[in-house]
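# Coordinates in review
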Amino acid sequence: MRVVLAYSGGLDTSVLLSLLKEAGSEVITVTVDVGQEDDFKEIADKAEKLGAAGHYYIDAKEEFAQDYVFPAIKANAMYQGKYPLSSAIARPLIASKLVKVAEKEDADAVVHGCSGKGNDQIRFDVTIKALNPSLKVFAPVRDWGLARDWEYEYAKSKGIPVKYKSYSVDENLWGRSIEGGVLEDPSREPPEDAFKWTVSPEKAPNEPEYLTIDFMKGVPFAVNGDALPPSRLIATLNIIAGRHGIGRIDHIEDRTVGLKSREVYECPAATVIIEAHKDLEKMVLTKRELSFKLLVDETWSDLVYTGLWVEPLKSSLDAFINNMEEKVSGSVTLKLYKGSARVVGRSSYNSLYEDKLVAYESHSTLSQEFSKGFVELWGLQSIIGFRTRRGIGVPLQESIAW
Ligand code: ARG
């Protein structure tokens, strides 16, 4: 068998490489760079040492930012109101690269290191099957029931170098997911060593920092006035927001397979970008657009979280969102201070905000006299309903005259 293995260089995938070789397979390893801070040279060397028949390093950072992170920003993607889907959006991209390599290398199967307990298995399997149903998908950790402690022993016995890690971490431009170890006790505060991109808010600077993000058609293009390519822009915001302790997330998450899990993330850029983007939308979209978009956004996030990136409904939602986002251009200023990112200013040439109408001063142009009749009709049913329920009778026309 000729197989393509998604290879991170960590314990699971290194053990898989060795096991697959023992089972007589020819293994081609693939590492997709979505912005994780790894030594890709070291990973390639390790793959070669463990006997990979070939290794691919694929730099997909720009594609990830443009085609996966940007749609998530437009959809204000936040699973269960907390998780910006950082790991979730990277999986379909990685899966598509695995399929490409498998086709090029004429492989029979794609192998990944996901367990049978999480969401990632779904995201990989579903995307791979949609792109190429003739490829077999194999997840030995799940399908052979491999346990971590067994993997350690096996790695030791085979001389596979493994670094001991206190947590299971998945990292890309859009965020870091930190799981396992002491974090599995949801009553305990995550220790400081779980975090890498954010300082603790207590240790953040005592001075606030202002940050301006410019958006064009729903996506950010400049930071403090400097236009940046998508992946650089996100990386820059991870640094700026991270140094103020912004973007630490700790919540109980409902996995697709039914488990509840305690999840810890740090997503500094995602936190400030989505906060700013939501604020800008409120300035340029109507009340009706905003409330309908909330439903669309939630459905989008749910489809993506549950591994259905390829679902046709998602592409229809994307079309809807893109149409609405045409207007979402402008500039948002946030004040960053000790773990919080507060929007303190916004402006847009598509703004629906009219200071001439809303002002309390005498130059206001809204005729208040129209409001009297409006209020009368607006409250009519509610007033009648209230009085009927109290048994005070349906008021006659004159009794509700104002
Ligand atoms: N719970 C998150 C999700 O489902 C994070 C998954 C992280 N994956 C990992 N292999 N550590 O998207």
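Just so we're clear, the structure is a prediction, and the values are computed from it rather than from any experiment.

## Quick look at the UniProt feature "binding site: ATP" (unreviewed entry) in the protein
Mapped onto this structure's residue numbering, the UniProt feature "binding site: ATP" (unreviewed entry) falls at Ala-6, Tyr-7, Ser-8, Gly-9, Gly-10, Leu-11, Asp-12, Thr-13, Ser-14 and Gly-113. A maximum C-alpha distance of 12.6 Å places the annotated residues, which cover 108 residues in sequence, within one compact spot. Summarising the element assignment, Ser-14 is placed in helix H1 (residues 11-22). Looking at Ser-14, the relative accessible area reads 0%, which means it is buried. Dropping the residues within four chain positions of it, Ser-14 is found in contact with Tyr-7, Gly-9, Lys-46, Leu-50 and Ile-160. Only 3.0 Å separates the side chain of Ser-14 from the side chain of Tyr-7, close enough to count as a polar contact. Within the element layout of this structure, Gly-113 appears in the loop between strand S4 (109-111) and helix H5 (120-131). Not counting the four nearest positions on each side in its chain, Gly-113 is found in contact with Asp-12, Thr-13, Leu-16 and Val-141.

## What to know about helix H4 (residues 86-104)
In an α-helix, one turn spans 3.6 residues; hence positions three or four apart end up facing the same way. The first and last C-alpha atoms of H4 sit 28 Å apart over 19 residues, in line with the 27 Å expected at 1.5 Å per residue. Most of H4 sits inside the fold, with 16 of its 19 residues counted as buried. Just beyond H4, the residue with positive phi is Asp-106, at close to 55 degrees.

## What about the sheet that holds strand S5 (residues 136-138)?
One open sheet holds the five strands; their spatial order is S3-S2-S1-S4-S5, and the pairing between them is parallel. In this open sheet, the two edge strands, each paired with only one partner strand, are strand S3 (54-59) and S5. Along the sheet, successive strands turn relative to each other by an average axial angle of 25 degrees, direction set aside. With three bridges joining them, strand S1 (residues 2-6) and S4 adopt parallel strand pairing. By the bridge assignment for S4, Leu-5 is matched with Val-111.

## A few points about the site of the ligand
Surrounding the ligand, one finds 15 residues, the nearest of these being Tyr-83, Asn-119, Asp-120, Arg-123 and Glu-253. Between the ligand and Glu-179, the relevant distance is 3.0 Å, taken from a nitrogen atom to a side-chain nitrogen or oxygen of the residue. For the ligand, a nitrogen atom lies 2.9 Å from a polar atom in the side chain of Glu-253. Counting residues per element, the ones that place at least two in the shell around the ligand are H4, H5, strand S6 (168-172), strand S7 (175-179) and strand S12 (260-266). Broken down by class, the residue content of the shell around the ligand amounts to four nonpolar, four polar and seven charged.

## Some thoughts on the UniProt feature "domain: Arginosuccinate synthase-like N-terminal" (unreviewed entry) in the protein
The residues that UniProt annotates with the feature "domain: Arginosuccinate synthase-like N-terminal" (unreviewed entry) are residues 2-161. Taken as a whole, residues 2-161 contains 51% helix and 16% strand, while its terminal C-alpha atoms sit 25 Å from one another.

## Structural notes on the sheet that holds strand S10 (residues 226-227)
Spatial ordering of the open sheet is given by S10-S9-S8-S13-S14, a layout of five strands whose pairing is antiparallel. Looking at strand neighbours, the two that pair on one side only are S10 and strand S14 (340-347), the edges of this open sheet. Of the pairings in the sheet, the one linking strand S8 (residues 209-216) to strand S9 (residues 219-223) comprises four bridges and is antiparallel in character. The residue bridging Met-216 from the neighbouring strand is Val-219, located in S9.

## Concerning the environment of Pro-191
With respect to the secondary-structure elements, Pro-191 resides in the loop between S7 and S8. Setting aside residues no more than four positions away along its own chain, Pro-191 makes contact with Tyr-167, Val-182 and Leu-183.

## Some details on the pattern of salt bridges
On inspection of all chains with the given rule, the structure shows 32 salt bridges. Two residues, Glu-26 and Arg-2, come together in a salt bridge whose shortest N-O distance is 3.0 Å. Taken together, the residues span a long stretch of sequence, with Glu-26 in strand S2 (residues 26-33) and Arg-2 in strand S1 at a distance of 24 residues. Its relative accessible area of 21% is what places Arg-2 among the partly exposed residues. Of the charged contacts in the structure, one is a salt bridge between Lys-293 and Asp-297, with a shortest N-O distance of 2.9 Å.

## Quick look at the packing of helix H8 (residues 230-242) against helix H9 (residues 268-284)
Helix-helix packing is characterised by the crossing angle of the two axes and by the distance between the axes. In contact at an axis separation of 7 Å, H8 and H9 are set at 100 degrees when each is read in the N-to-C sense. Judged on the interaxial angle alone, H9 and H8 are roughly perpendicular. Contacts between H8 and H9 involve Leu-233, Ile-234, Leu-237, Asn-238, Ala-241 and Gly-242 on the former and, on the latter, Pro-268, Ala-269, Val-272 and Ile-273. Residue composition of the contact of H8 with H9, by class: eight nonpolar, two polar and no charged.

Cut-offs and rules
- Residues numbered from 1 in each chain as written.
- Predicted model: local features only at pLDDT ≥ 70, side-chain atom pairs only at ≥ 80, totals over all residues.
- Heavy atoms only, no water.
- UniProt positions renumbered as here; feature names shortened; annotations may be inferred.
- Helix = DSSP H or I, 4+ residues; strand = E, 2+ residues; numbered from the N terminus.
- Buried < 20%, exposed > 50% of the residue type's maximum accessible area, 1.4 Å probe, protein only.
- Contact = heavy atoms within 4.5 Å.
- Polar contact = N/O pair within 3.5 Å; in protein donor to acceptor, adjacent residues only side chain to side chain.
- Expected span 1.5 Å × (residues − 1).
- Pairing = 2+ DSSP bridges.
- Axes fitted to C-alpha atoms, helices over the stretch in contact; angles between N-to-C directions.
- Near = heavy atom within 4 Å.
- Nonpolar A, V, L, I, M, F, W, Y, C, P; charged D, E, K, R; others polar.
- Salt bridge = Lys/Arg side-chain N within 4 Å of Asp/Glu carboxyl O.
- Parallel < 35°, antiparallel > 145°, perpendicular 65-115°, else oblique.

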